[in-house]
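# Structural overview for review
So the chains spell out like this:
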Amino acid sequence: MLGGFQGLLSMALIGRLYYLGVIESGQYKMLAEENRISLRFLAPERGEIFDRAGRLMATNRRDYRIFLVPEQTSDVEATLNSLGQMIALSDSQTRRLLDRIRRQRSFQPVSVAENLDWKTFAKVNVASIKLPGVQPDAGRTRFYPDGRATSHVVGYVGPVTKEDVKDDPIFHIPGVKIGRAGLEATFDLALRGQAGTSRFEVNAYGRVVRELTRQEGEVGQTLTLTIDLELQKYAVERLAEKSAAAVVMDVENGDILVQASTPAFDSNQFNLGFSQEDWNALVQDPRKPLINKCLASQYPPGSTFKMIVALAALEAGVVSSSETVLCTGEHELGNRIFHCWKKNGHGRLSMTDAIGQSCDIYFYTIARRVGIAKIAAMARRFGFGEAHSIGLGGQAKGLVPDKVWKMANYGERWQIGETLIIGIGQGALLTTPLQLALMTARIANGGKQIRPRLVQALGTEPFPSARRPEMGINQRHLDLVRTGMIKTMKAGGTAFRSRIANRQYSMAGKTGTSQVRRITAAEREAGLEKLSQRPWEERDHALFVGYAPIDSPKYAVAVLVEHGGGGSAVAAPIARDILKKTMDIDPVESVAAGVVSLGAIKSSSSKG
Amino acid sequence: MGTSLMFGPRRVEQTFLQKLRQLNWLFVLVVCAIAGIGFVVLYSAAGGELDPWASTQMIRFAVGLALMLAIALVDLRYWMVAAYPLFALGLLSLLAVEFFGVSGMGGQRWLELGVVRVQPAEFIKLALVLAMARYFHGLNPPDTLKLRSLAVPIILIILPAALVVRQPDLGTTLMLVLAGVGMIYLSGARVWIFGVGALAAIVSVPIAWRFLRDYQQERILIFFNPESDPLGAGYQIMQSKIALGSGGIFGKGFLQGTQSHLNFLPEMKTDFIFTVLAEEFGMIGGLTLLGLYVVILAYGVYVSLTCRSHFGRLLSIGVAGTLFLYVFINIAMVMGLLPVVGVPLPLVSYGGSSMLTMLVGCGLILSVALHRGLSIPRKNAFG
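Residues numbered from 1 in each chain as written. Chains lettered and ligands numbered in written order. Predicted model: local features only at pLDDT ≥ 70, side-chain atom pairs only at ≥ 80, totals over all residues. Heavy atoms only, no water.

### A short note on the overall build of chain B
A count of helical and extended segments in chain B gives 15 helices and three strands. A separation of at least 24 residues holds for 74% of the contacts in chain B among residues at least 6 apart in sequence. Split by element, the accessible area of chain B, about 16,000 Å² in all, is 68% carbon and sulfur. (Helix = DSSP H or I, 4+ residues; strand = E, 2+ residues; numbered from the N terminus. Contact = heavy atoms within 4.5 Å. Areas by Shrake-Rupley, 256 points an atom, 1.4 Å probe, with all protein chains shown as cover.)

### Section: the overall build of chain A
Looking only at helices and strands, chain A features 22 helices and 21 strands. Here chain A holds 608 residues, and the buried ones make up 53% of them. Taking all contacts inside chain A whose residues are at least 6 apart in sequence as the whole, residues at least 24 apart take part in 73%. (Buried < 20%, exposed > 50% of the residue type's maximum accessible area, 1.4 Å probe, protein only.)

### Structural notes on empty space enclosed by the protein
Residues and elements named next belong to chain B. Counting across every chain of the model gives three cavities of 30 Å³ or more. If you trace the largest cavity, you find it lined by K125, L126, V319, T322, L323, Y326, T357, M358 and G361. Where the lining of the largest cavity is concerned, the elements lending two or more residues are α5 (120-138), α14 (310-334) and α15 (352-370). Examining the composition of the lining of the largest cavity, we find that four residues originate from one element, α14, more than from any other. Among the residues making up the lining of the largest cavity, the classes are represented as five nonpolar, three polar and one charged. (1 Å grid on protein atoms, 1.4 Å probe; cavity = no way out; pocket = protein on both sides within 12 Å on 5 of 7 lines; lining within 4 Å. Points joined across faces, edges and corners; volume = space filled by probe spheres on them. Nonpolar A, V, L, I, M, F, W, Y, C, P; charged D, E, K, R; others polar.)

### Considerations on the pattern of salt bridges
Residue and element names in this part refer to chain A. Scanning the model with the defined rule gives 37 salt bridges over all chains in all. A salt bridge links R287 to D285; the nearest nitrogen and oxygen atoms lie 3.1 Å apart. Residue R287 is classed as partly exposed on the basis of its relative accessible area of 24%. The class of D285 is buried, set by a relative accessible area of 16%. With a shortest N-O distance of 3.3 Å, D551 and R503 are connected by a salt bridge. Residue D551 is found in the loop between β20 (541-548) and β21 (555-561), and its partner R503 is found in the loop between α19 (475-488) and β19 (508-514); the two are separated by 48 residues along the sequence. Judged by its relative accessible area of 57%, D551 falls in the exposed class. A single network of salt bridges, built from pairs that share partners, joins R46, R142, E184, D188 and R192. (Salt bridge = Lys/Arg side-chain N within 4 Å of Asp/Glu carboxyl O.)

### Some points on the packing of α5(B) against helix α7 (residues 151-165) of chain B
Residues and elements named next belong to chain B. Viewed as axis vectors pointing N to C, α5 and α7 meet at an angle of 175°, and their least axial separation amounts to 10 Å. By the angle between their axes, α5 is roughly antiparallel relative to α7. From α5, A121, I124, L128, A131, M132, Y135 and F136 reach across to α7, where they touch V152, P153, L156, I157, P160 and V164. (Axes fitted to C-alpha atoms, helices over the stretch in contact; angles between N-to-C directions. Parallel < 35°, antiparallel > 145°, perpendicular 65-115°, else oblique.)

### Observations concerning the interface of chain A and chain B
In this complex, chain A contributes 27 residues to the contact, which on the side of chain B involves 34 residues. Among the residues chain A hides against chain B, the three largest losses belong to A:L13, A:R16 and A:L17. Together they make up 24% of the total. Joining chain A to chain B, the criterion identifies zero salt bridges. Viewed at the interface, chain B and chain A are joined by four residue pairs in polar contact (both at pLDDT 80 or more). Among the elements of the structure, α1 (2-23), α2 (25-36) and β8 (196-202) of chain A are those that each provide at least two residues to the side of chain A that touches chain B. Ranked by residues supplied to the side of chain A that touches chain B, first place goes to α1(A) with 13 residues. Here the residues of the side of chain A that touches chain B are counted per class, giving 17 nonpolar, six polar and four charged. (Buried area = accessible area lost by both parts, 1.4 Å probe. Polar contact = N/O pair within 3.5 Å; in protein donor to acceptor, adjacent residues only side chain to side chain.)

### Considering the confidence of the model for chain B
In this model, chain B carries an average pLDDT of 84, and 89% of its residues clear a pLDDT of 70 or more. By mean pLDDT, strand β1 (residues 102-104) of chain B is the weakest element of chain B at 65, and helix α2 (residues 25-45) of chain B is the strongest at 95. (pLDDT = per-residue confidence, 0-100.)

### Some details on the sheet that holds strand β9 (residues 208-215) of chain A
Residues and elements named next belong to chain A. An order of β1-β8-β9 is seen for the three strands of this open sheet, with the pairing classed as antiparallel. With one partner strand each, in any of the chains shown, β1 (37-42) and β9 form the two edges of the open sheet. Each strand axis lies, on average, 25° off the axis of its neighbour in the sheet, ignoring direction. For β8 and β9, the ladder comprises six bridges, and the chain directions are antiparallel. When the sheet's bridge partners are listed, S198 is paired in β9 with R214. Strands in contact with α2 are β1, β8 and β9; relative to β1, the strand with the most contacts, it is inclined by about 50°. (Pairing = 2+ DSSP bridges.)

### Quick look at a nonpolar patch on the surface
Taken together, the side chains of B:L92, B:L95, B:F99 and B:F100 make up a nonpolar region of the molecular surface, amounting to roughly 480 Å² of accessible area. Among the secondary structure elements, B:F100 is positioned in helix α4 (residues 76-100). (Patch = residues over 30% accessible without salt bridge, like charges linked within 9 Å, V, L, I, M, F, W, Y side chains within 5 Å.)

### A look at the packing of helix α3 (residues 76-87) of chain A against helix α5 (residues 118-127) of chain A
Residues and elements named next belong to chain A. Running from N to C, α3 and α5 point in directions that differ by 150°, and their axes come no closer than 9 Å. Relative to α5, the element α3 lies roughly antiparallel. Crossing geometry of α3 relative to α5 is assigned as right-handed. Across from L83, M86 and I87 in α3, the residues of α5 making contact are T120, K123, V124 and A127. (Left-handed = near helix turned anticlockwise from the far one by under 90°.)

### Details of the side chain of A:H346
Residues and elements named next belong to chain A. The topology assignment puts H346 in the loop between β15 (336-339) and β16 (347-349). When its relative accessible area of 14% is taken as the criterion, H346 is described as buried. Residue contacts for H346: discarding those within four places in its chain leaves C327, C340, W341, Q357 and C359.

### Quick look at the sheet that holds strand β12 (residues 256-262) of chain A
Residues and elements named next belong to chain A. Here five strands make up an open sheet; going across it, the order is β12-β11-β21-β20-β19 and the pairing antiparallel. The open sheet has two edge strands, β12 and β19, and neither has a second partner. When strand polarity is set aside, the average angle formed by the axes of neighbouring strands in this sheet is 5°. The sheet contact formed by β19 and β20 spans seven bridges and is antiparallel.

### Observations regarding the confidence of the model for chain A
Mean pLDDT over chain A stands at 87; residues scoring 70 or higher make up 93%. Here residues 591-608 of chain A scores under 50 on pLDDT; set against residues more than four positions off or in separate chains, the count is 22 contacts.

### As for the nonpolar core
If you look at the biggest cluster of nonpolar residues, it comprises 126 residues, and the most contacted ones within it are B:V31, B:I34, B:W79, B:F274, B:L289, B:L315 and B:L345. Per-element tally for this core: the top contributor is α14(B), with 16 residues. Once you skip the residues sitting within four places of it in the chain, B:L315 turns out to touch B:L76, B:V129, B:L130, B:A133, B:L364 and B:V368. Ranked by size, the runner-up nonpolar core spans 98 residues in total, among them A:Y144, A:I256, A:M307 and A:A441. (Core = buried A, V, L, I, M, F, W, Y, C linked by side-chain atoms within 4.5 Å.)

### Quick word on α7(B)
Here α7(B) is 15 residues long and its end C-alpha atoms lie 21 Å apart, about the 21 Å a rise of 1.5 Å per residue gives. Where the residues of α7(B) are buried, they touch α4, α5 and α8 (170-186) of chain B. (Expected span 1.5 Å × (residues − 1).)

### Topic: the pairing of β12(A)
Residue and element names in this part refer to chain A. A large share of β12 lies buried, amounting to seven of its seven residues. Two strands pair when backbone bridges link them, and strand β11 (residues 244-250) and β12 are joined in this way by six bridges, in the antiparallel orientation. Among the inter-strand pairings, V247 is bridged to a residue of β12, identified as Q259. As consecutive antiparallel partners, β11 and β12 are separated by five residues, and within that stretch G254 has a phi angle of approximately 80°, a positive value.

Laid out in C-alpha cells, this is it:
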C-alpha cells in the first residue's frame with residue numbers, strides 16, 4: 001500500500017515532467033529564447049543632402065552621448081546626480097529628464113546628454129562601470145556644414161515625439177531624430193534608411209553576454225538639390241540681417257539656384273538643443289526667422305506686377321505698342337482720384353517707358369480697359385495663385401482676386417476701382433517671392449511654361465524637369481515687356497542707379513514698392529517723404545524682379561525686403577549684386593556640375 | 001552530531017569484514033551515482049568550473065560517504081539506545097540556534113561550530129524518525145491501536161516543529177510533520193485518526209496562516225498564480241518552468257543551459273538544482289535521477305519488509321520515506337506543483353548539512369539491512 005502511494009507520487013512527477021518537457025516544451029523553449037535574446041535596432045546613416053555641384057548641405061558626424069536605462073538603475077536621481085558631476089546638468093535639465101523618465105517605459109533608454117567632447121565622454125565611459133543603467137554611446141548625429149545659409153531649404157531634424165506614427169523600427173533606437181522641417185521633413189522616409197538589427201544574448205541582469213547575429217541597416221538615400229551652395233551663401237550674406245527673401249531661378253528649366261530667407265536660424269541648433277534665451281529670441285523676433293519668406297509668406301507684388309497687366313492688355317488687344325497715355329499724376333474714376341507715385345506726373349508715355357518709369361497712371365488706364373478677368377487669368381498663367389510643388393511644405397498660394405472671389409468671400413460686386421488698384425499690384429493681390437521669380441523667368445525665357453524645381457535627384461533616381469510647353473503668348477508682346485524691363489535700368493528708369501555698366505552683365509528688371517498700410521489723404525497732403533518716420537512694421541515692402549543677361553536670358557531673380565522702403569533704393573541693389581554673382585559663378589554653364597553631383601550620389605551610396 | 005556517538009559495537013555477531021562484504025554495494029553505487037549527478041550539475045551551474053560548488057560538494061560527499069559506511073556497520077541496537085539521546089541532542093541544538101544562531105537567507109538557521117556551520121533542522125528529521133521508531137518499537141502491539149499511545153509521538157513531532165517554524169523554516173517544519181505522521185501511520189495506527197487529523201489540519205489553516213511570515217504567505221499565494229508577479233516572487237516558478245520546459249526530451253546539452261548560465265534561475269545550486277539538470281539533460285536526465293531515487297526507496301521498503309525487528313522495519317522505511325518525500329516535494333515544487341517551501345533535493349542540492357543528513361540516513365538503512373536478521377525484544381532491549 002505504501003509502495004502504491006509512493007508510486008502514485010512518482011507518476012505525478014513524471015506526468016508533470018512530461019507535460020512541461022514534451023507537451024508544453026515548444027512554448028517554454030520560446031520563452032527561454034525570449035529571456036536570453038535581446039533585439040536591438042542599429043541606427044541607419046541618414047542620407048546626405050548635396051547641392052547641384054555635389055557640395056554637402058547635410059551630413060552626419062560622430063556624436064558622443066550618454067543614455068540612461070531607468071530600469072537598470074537602482075536610484076535614477078542618484079545616478080543623474082553622479083552624472084551631473086561629469087557632464088554639467090542644470091537643475092531644469094535634471095527635472096525635465098526625471099519627468100521624461102516617469103512618462104516613458106522604464107526599459108527605454110533616455111538620452112541624458114549629447115554632443116559631448118571626447119574627454120568628458122571618456123570620463124563618463126570609465127565611470128559608467130559603477131553606474132548601472134548608464135550607457136555611453138558613440139552614435140551619429142546630423143550636421144549641416146552651412147546650417148545658417150541652408151536652414152530654410154534643408155530644414156532640420158528633431159527627436160521623435162508621442163504624436164509620431166511609430167511604425168518604423170527606427171523609432172526604437174534611442175536618441176533617433178527624424179526630419180521636422182524643410183526637405184528633411186518632406187523626404188524623411190527616404191533619408192532615414194533602414195534600421196539594422198543586432199541580436200544579442202543577455203543575462204538575467206540585462207548585461208550583454210555576446211552578440212549573436214548582426215544585420216547592418218541601409219544608408220538613407222541621398223538628395224541632390226538644384227541649389228548652388230556658393231550662391232546661396234552669398235545671397236544670405238547679402239540680405240544680411242534684413243527681413244528679406246531672394247530667389248534665383250534658371251529661366252530655362254525652373255531650377256531654383258538660390259532660395260534665401262533672412263534672418264535665418266542655424267539648423268544645427270535644433271540638434272544641439274536651444275537655450276531658453278536662444279529659443280525665445282528666435283520665436284519673439286519680429287522678423288520671424290523661422291518663416292521661409294520665399295514661399296511661406298505672401299506680399300502684394302506692387303509694381304512688379306505691371307508686366308502681367310501689360311501682357312493682359314496686349315494679348316487682349318486693348319492697347320498697342322505705339323499708343324501713349326498722358327500721366328498728369330492723377331487719374332479720375334467717378335468722384336475718386338487715383339494718384340501716380342510721381343506727384344507731378346510723367347507726361348506722355350509709351351508702354352515700355354511706363355514699365356521703365358513704373359508709371360501708375362498708365363497702368364490704371366490699361367487695367368481699366370482690359371478688366372479684372374483678363375488680368376487675373378494672365379496672372380494665373382504666370383503661376384500666381386497656386387502653390388508649386390518643389391518639396392517644401394507650408395507654401396502660401398498667394399491670392400489673385402477677381403469678381404468670383406469677391407462675391408464668394410465678401411458677397412459684394414467687384415468695383416472698377418479695385419481693378420485699378422490691382423493694375424499697380426496692390427489691393428487684395430498677394431504673391432510670394434517664389435512666384436515672382438517664376439513670373440520673371442517665364443517672361444525672360446519667351447513664354448515657356450517652366451516649373452520650379454528644387455530637388456533634382458533622390459538617390460540615383462533623377463527628378464526630371466517638368467515639360468515646358470509654350471504658354472502661347474505673342475513673342476512681340478513679350479519683347480515689348482522685356483524692353484520695358486531693360487528701360488528700368490536705363491537713364492530715367494526706376495533702377496538706373498542699380499544698373500550694371502558692364503555690357504557683359506547687362507540686366508533687366510522691375511522695381512516694386514508695396515504698401516503695407518494705405519496712405520491716407522492727410523498723409524498725402526503732408527508729403528510721402530516721411531516714410532522712414534513710420535514704425536518699422538508699417539513701412540512699405542521693397543521688391544525687385546529681374547533677369548540677366550538681356551540678350552539671351554539665363555537667370556531670373558526676385559528680391560523682397562520686408563518693410564524695407566522703396567524697391568529701387570533697397571531691393572534693386574541687392575538683386576543686382578546677386579545677379580552679378582550668379583553670372584560670375586554661372587552655375588548652369590558648369591556642365592561639370594551634373595557630373596559632380598552624380599559622382600556624389602555614387603560615392604555616398606557605396607559608402608553604405 | 002552523530003560522529004561523537006561512534007563507538008565500536010560491544011556484542012557483534014558478525015565480524016567487521018563479514019559485514020563489509022554483506023553490505024549492499026549496489027545501493028552504495030546508486031548513492032554515489034545520485035551525488036555524481038549533483039557534481040555534474042553543480043559543475044555546469046558554475047559555468048563549467050569545479051569551483052566554487054562542485055569541489056566543495058565532492059569533499060562533503062567524501063566525508064559523508066565514510067560516515068555512511070561507518071554508520072552502516074554500527075549495530076542496530078546501539079542506534080536504538082542512541083535514539084532518544086540523539087533526539088534530545090537535536091532539540092538542544094535547535095534551541096541553541098534560537099539563541100546563538102547565525103542568520104542567513106531570511107532566517108536564523110545556522111549554528112557556528114568552529115569552522116563548520118551546521119543546520120540542526122536538517123539532523124532533527126533523522127533524529128525524529130529514530131525516536132519514533134524507538135517509541136513504537138517499545139509499544140505493545142495492542143497498545144498501538146489505542147488513542148492515548150499517540151500522545152508521545154505527537155509531542156515528539158510538535159517539539160522540534162515548533163522550534164523550526166520559529167527560525168522560520170516552513171519547508172523543514174512541514175517535512176517534520178509529514179515524516180512524523182508517516183511514522184505513526186506505518187506503526188499501524190488506525191486510518192480514521194488520519195482523517196480526523198487531516199480535518200483538524202484544514203481547520204487550523206487560517207490560524208496557521210496568521211503565524212506565517214509575509215514572504216511565506218506571498219510564496220503560497222504566488223504558487224496559485226505565478227504569472228501575477230513575473231518580476232517578483234513568481235519569477236522563480238516561472239523561470240523554473242521555462243527551464244524545465246525548454247529542456248524538452250533530450251535537453252539543451254551539457255553546459256548549454258541558457259536559463260542557468262545566464263542567471264535566470266534562482267537558487268539554482270540549492271533548491272532549484274533539478275531545473276538545471278532538466279534544462280541541460282531534458283526529461284531523460286530528470287527521469288534517470290528520479291529512477292535512482294526510486295531504487296533507494298524500493299531498497300528501503302525491501303529492507304523494511306525483510307527486517308525482523310520492529311525498530312529496524314520502522315527505521316528503514318521511515319528514512320527511505322522521508323528521503324523520497326524530500327525528492328517529491330522538491331521536484332513538485334520546482335515544477336510548479338507545490339508552493340516554493342525551500343526543500344533541498346537529497347544528495348544533489350549544494351549544502352553540507354543536507355548532504356550529511358541524507359548520507360547518515362542511507363547509513364541507517366544500510367545498518368538495518370546488515371542487521372535485519374537480528375531480533376530485538378519489544379521491551380527493554382538492553383535491559
